[in-house]
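Next come the chains, spelled out residue by residue.
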Amino acid sequence: MIISNVEHFEQERHLWPSAVQRGIDYILNRKLGEAAVGRYELEGENGELMFALVQELITRPSQEQKPESHQTYTDIQFLISGEEKICSYKLHAGAKVEQNHLDTRDIVFYESDPSQDETEVLLQPGMFAIFFPSDIHRPNCWIREEMPIKKIVIKIHKDLLK
């Protein structure tokens, strides 16, 4: 997991894989924060190597959000407006799968695991968190109360991170 914000992007970009750099560049240069809700193809045929999901959501209590992970794609979760908490912990052998949609949607949902100490990431506009396939994460959680948020999720195919 990586946490940062646009204020530090230029200073830190050399530390990150080039696909992550391009993902943040797409958000900033294509003004995806102003884009309508939907999917935007960025790289590869039909966007299979990298795509963006512009989302408008309502945050919920963390206990109502399912922990999830992905096998094929790494997420850049970039907050445009509102505030959001994302809880995270490392994928481990004891994680209990509740729903497996890897074949159709590249997502696995897990049972909540009270034995895991979750790291809480608090995002404000302009901040982003990067979650790799080894990171179980629980996005769209409220910090203080339910609120509308707008965010961009860049999905980066594992082949771009080799």
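Residues numbered from 1 in each chain as written. Predicted model: local features only at pLDDT ≥ 70, side-chain atom pairs only at ≥ 80, totals over all residues. Heavy atoms only, no water.

Peer 1: Even after reading the chapter, I still don't get the pattern of salt bridges, so can you show me in this structure?
Peer 2: Pairs can form between side chains of opposite charge whenever their charged atoms are close. Scanning the entire structure with this criterion turns up 13 salt bridges. For Glu 83, the salt bridge is made with Arg 144, and the minimal N-O distance between the two is 2.8 Å. Here Glu 83, found in the loop between β5 (73-81) and β6 (84-90), pairs with Arg 144, found in the loop between β11 (135-141) and β12 (148-157); they are 61 residues apart in sequence, far enough to count as distant. Exposure remark for Glu 83: the relative accessible area of 10% places this residue in the buried category. Arg 138 is the salt-bridge partner of Glu 118, the closest N and O atoms lying 2.9 Å from each other. Of this pair, Glu 118 sits in the loop between β8 (108-110) and β9 (119-123) while Arg 138 is found in strand β11, placing the two residues 20 residues apart along the sequence. By relative accessible area, which is 29% here, Glu 118 ends up partly exposed. (Salt bridge = Lys/Arg side-chain N within 4 Å of Asp/Glu carboxyl O. Helix = DSSP H or I, 4+ residues; strand = E, 2+ residues; numbered from the N terminus. Buried < 20%, exposed > 50% of the residue type's maximum accessible area, 1.4 Å probe, protein only.)

Peer 1: When you look at the nonpolar core in this model, what are you seeing that I'm missing?
Peer 2: Within soluble globular proteins, side chains that are nonpolar tend to cluster in buried spots. The biggest cluster of nonpolar side chains holds 21 residues, and the ones touching the most others in it are Ile 76, Ile 152 and Ile 154. Broken down by secondary-structure element, the contributors of at least two residues to this core are α2 (18-29), β3 (50-58), β5, β10 (127-131) and β12. Examining the composition of this core, we find that five residues originate from one element, α2, more than from any other. Core analysis: the next-biggest nonpolar cluster, separate from the first, contains eight residues, Leu 79, Met 127, Ala 129 and Phe 131 among them. (Core = buried A, V, L, I, M, F, W, Y, C linked by side-chain atoms within 4.5 Å.)

Peer 1: How should I be thinking about the sheet that holds β5 in this particular structure?
Peer 2: Strand order in the open sheet made by the six strands is β1-β10-β5-β12-β3-β2, with antiparallel pairing throughout. At either margin of the open sheet sits one strand with a lone partner, and together these are β1 (2-5) and β2 (38-43). Direction aside, neighbouring strands of the sheet carry axes that sit 20 degrees apart on average. Across four bridges, β5 lies against β10 in antiparallel orientation. Within β10, the residue paired with Gln 77 across the bridge is Ala 129. Where α2 meets the sheet, its contacts fall on β2, β3, β5, β10 and β12, and the angle it forms with β5 comes to roughly 30 degrees. (Pairing = 2+ DSSP bridges. Axes fitted to C-alpha atoms, helices over the stretch in contact; angles between N-to-C directions. Contact = heavy atoms within 4.5 Å.)

Peer 1: What's the story with the side chain of Asp 75 in this structure? I'm lost.
Peer 2: Relative to the helices and strands, Asp 75 resides in strand β5. Overall, Asp 75 belongs to the buried group, its relative accessible area being 1%. Polar contacts involving the side chain of Asp 75 include one to the side chain of His 70, which spans 3.2 Å. With residues up to four places along the chain from it excluded, the contact list for Asp 75 reads His 70, Ala 129, Ile 130, Phe 131, His 137, Val 153, Ile 154 and Lys 155. (Polar contact = N/O pair within 3.5 Å; in protein donor to acceptor, adjacent residues only side chain to side chain.)

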